[in-house]
Each structure stands twice: as structure tokens, then as C-alpha cells.
Amino acid sequence: MVNRIVVGAHYGMRDWLAQRVTAVVMALYTIMLAAALLAMPAITHESWRALFAQGWMRFATFVFFVCLFYHAWVGVRDIFMDYIKPTGVRLSLHVIVILLLVGYTGWVAQTLWRL
Amino acid sequence: MTDTTIKKQRPKYLNLMEIRLPLPGFASILHRISGAGLFLMLPFLLYLFASSLGSPESFAGYKALVANPLVKLVLFGLLWAYLHHFCMGIRFLFLDMHIGLDLPAARASSWAVFAVSLPLTLILGGLLLW
């Protein structure tokens, strides 16, 4: 039994909801991508590039990755909160994860918009 | 908290080798492990994604990398991680809606997660990797 001390503005509701919303977005994208790939007669470099060069696909893929990174942030933060007890170490890891995920977002944007 | 709470000496079994998780617990810890593994391998996956969409030279590099049996094995493992996380996530969404909360249903849905994710890993792995 956890005795929660009720202080603060919110109790993780936003992250809890974000975890679910991002999951649903990613699930829909995954099914859509799987269907698009199965509908392709052959996956070549050209057809693979052409798939992601379409405006809507570029948009959907970018939204997928942003959802993935937000989802990963909440999940990894939860893991750190469970297992990493020293506050300094935990917060340092949080900062590293955030910086990584921000960098990944830029990487994906560059990959998609130079097509 | 009151001081009248009786502090019982409860047995603690924290030896990970001795803990026998029930099936839903086993599926649940695999949800966490698969998520952590996917996060750790993100740089590699993003590198593959970027090089597959780059120039013909970078695509050739991607092809050569993916042809490596060791890389194939890693990707196969990550495919399982993604599909287990996916199926387990859907199960959690149903639990959030208070569907399947009782023990028989929770056990059945855990079985269903493995019954879907493991064959799907083999099928999609066979289609995409080999």
C-alpha cells in the first residue's frame, strides 16, 4: 500500500493520458504502414522513397515518430522512477533521455524532408 | 498515519530467480523489457530508417547491413519486442476501460497476447527479414 502525500498541481494524469493517446496513434500508423507495404508489388529503393515522399505520408510518419518519442519519454521516465533511487543520477538520466529524444526528432525531420 | 498500525514482519522474496510470476505478470514485465529494449535500440533503428531513405549509396549500405545474419537476428528480436509491446498495449487499453479485469479474463488475455505476438513475429519476420 502506497501512502500518497497529496500535494502539487497534477498527479501524472496528463502523462498517463498522453501515453495512451500516443499508443493509439502509433497503432493506427503501424496498421496503415503494414497495409501500404503489403499493397506494394515490390519494395525497391525507388518505391520505398516514393512512399515516404508523399505529403500525407511524410506528415503521418513525422506524427508517428513524435508520438513514439513522447511515449518513450514517459515509459523510460517510469522505469527510472522505479529503479534509480539517487535523485541526482535519476534527474541526470532524465536530462540525457530528453536531449536524445529531441535530437532524434530533428534526425527524423531531416530524413523525411530531404526526400 | 497512526502509530497503532501493526508492523508485521512480512516475508520478502526479492530473489529474481525465485520469483514465479503469474502469466499476466510475466507478460507485463516483458512489456517493460521490450519497451526498454526498443528505446535503447532507437539510434540503430533510426540509422537504418535514414540510410534506407537516403541516396542509392546509403541504401546499398543499408542493404548490406540488413543482410548480415547477426543484424537480422537483432531485428527479429526487435520485431518481437515491437509486436509484444503492441499487443500488450492493446490489452492495457482494455484494462483501462475496465474490460477483462477478473483473473480468468486477465489470464486469457495474457495468453492471447502471446498467441498473437509470437506467430505474428514469425510470419512478419519471415516476410520482411528472410
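Conventions used here
- Residues numbered from 1 in each chain as written.
- Chains lettered and ligands numbered in written order.
- Predicted model: local features only at pLDDT ≥ 70, side-chain atom pairs only at ≥ 80, totals over all residues.
- Helix = DSSP H or I, 4+ residues; strand = E, 2+ residues; numbered from the N terminus.
- Rg over C-alpha atoms; globule rule 2.2 N^0.38 Å.
- Buried ≥ 20, exposed ≤ 12 C-beta atoms within 10 Å, placed from the backbone.
- Contact = placed C-beta atoms within 7 Å.
- Core = buried A, V, L, I, M, F, W, Y, C linked by C-beta atoms within 7 Å.
- Axes fitted to C-alpha atoms, helices over the stretch in contact; angles between N-to-C directions.
- Left-handed = near helix turned anticlockwise from the far one by under 90°.
- Nonpolar A, V, L, I, M, F, W, Y, C, P; charged D, E, K, R; others polar.
- Parallel < 35°, antiparallel > 145°, perpendicular 65-115°, else oblique.
- Expected span 1.5 Å × (residues − 1).

**Digging into the overall build of chain B**
Part 1: In terms of regular secondary structure, chain B is built from five helices and zero strands.
Part 2: Its C-alpha atoms give chain B a radius of gyration of 20 Å, clearly above 14 Å, the size a compact globule of 130 residues would have.
Part 3: For chain B, the spread of C-alpha atoms along the principal axes amounts to about 75 × 30 × 30 Å.
Part 4: Per-residue burial for chain B yields a buried fraction of 18% across its 130 residues.
Part 5: Across chain B, the fraction of contacts at a sequence separation of at least 24, relative to all contacts at a separation of at least 6, is 71%.

**Description of the overall build of chain A**
Part 1: A count of helices and strands for chain A gives four helices and zero strands.
Part 2: In sequence order, the secondary structure elements of chain A are arranged as α-α-α-α.
Part 3: Taken over C-alpha atoms, the radius of gyration comes to 18 Å for chain A, far larger than the 13 Å a tight globule of 115 residues would show.
Part 4: In terms of overall dimensions, chain A has a C-alpha envelope of 60 × 25 × 25 Å along the principal axes.
Part 5: Among the 115 residues that make up chain A, the fraction classed as buried is 13%.
Part 6: Across chain A, the fraction of contacts at a sequence separation of at least 24, relative to all contacts at a separation of at least 6, is 74%.

**Topic: the nonpolar core**
Part 1: Ranked by size, the top nonpolar core spans 11 residues in total: Ala23, Met26, Phe65, Cys67, Leu68, Phe69, Ala72, Trp73, Val76 and Val108 of chain A together with Phe39 of chain B.
Part 2: Elements represented by at least two residues in this core include exactly α1 (13–39) and α3 (55–83) of chain A.
Part 3: No other element matches the seven residues that α3 of chain A contributes to this core.
Part 4: Here Phe39 of chain B is in contact with Ala72 and Val76 of chain A, once residues within four sequence places are set aside.

**Some thoughts on the packing of α1 of chain A against α3 of chain A**
Working note: a packed helix pair is described by the angle between its axes plus the distance between those axes.
Residues and elements named next belong to chain A.
Part 1: Between α1 and α3, the shortest axis-to-axis distance is 9 Å and the interhelical angle comes to 140°. Crossing of α1 against α3: the hand is left-handed. Contacts between α1 and α3 involve Asp15, Ala18, Gln19, Thr22, Ala23, Val25, Met26 and Tyr29 from the former and Ala60, Val63, Phe64, Cys67, Leu68, Tyr70, His71 and Val74 from the latter.

**Considerations on the interface of chain B and chain A**
Part 1: Facing 17 residues of chain B, the contacting portion of chain A comprises 18 residues.
Part 2: Counting only elements with at least two residues in the side of chain B that touches chain A, the list comes to α1 (23–40), α2 (42–52), α3 (56–67) and α4 (69–96) of chain B.
Part 3: Among the elements that line the side of chain B that touches chain A, the one with the most residues is α2 of chain B, at five residues.
Part 4: Partitioning the side of chain B that touches chain A into residue classes produces 12 nonpolar, three polar and two charged.

**Looking at the packing of helix α2 (residues 45–53) of chain A against α3 of chain A**
Residue and element names in this part refer to chain A.
Part 1: Here α2 crosses α3 at 80°, and the two axes come no closer than 5 Å. With respect to α3, the element α2 is oriented roughly perpendicular. Side by side, α2 and α3 meet where Leu51, Phe52 and Ala53 of the first sit next to Met57, Arg58 and Thr61 of the second.

**With respect to the environment of Ser52 of chain B**
Part 1: Tracing the backbone through its elements, the reader meets Ser52 of chain B in helix α2.
Part 2: What Ser52 of chain B contacts, discounting residues up to four positions off in sequence, is Trp48 of chain A together with Phe59 and Tyr62 of chain B.

**Quick word on α1 of chain B**
Part 1: With 18 residues, α1 of chain B should cover 26 Å at 1.5 Å per step; its first-to-last C-alpha distance of 26 Å lies within 8% of that length.
Part 2: Restricting attention to buried positions, one finds in α1 of chain B the residues Ala27, Leu30, His31, Ser34, Gly35 and Phe39 of chain B.
Part 3: Summarising the contacts, the buried residues of α1 of chain B are in contact with α3 of chain A together with α2, α4 and α5 (103–128) of chain B.

**Looking at the environment of Phe80 of chain A**
Residues and elements named next belong to chain A.
Part 1: When you line up the elements, Phe80 lands in helix α3.
Part 2: Spatially, the C-alpha atom of Phe80 lies 6.4 Å from that of Arg90, the residues being 10 residues apart in sequence.
Part 3: Those residues in contact with Phe80, other than ones at most four positions away along the chain, are Arg90, Leu93 and His94.

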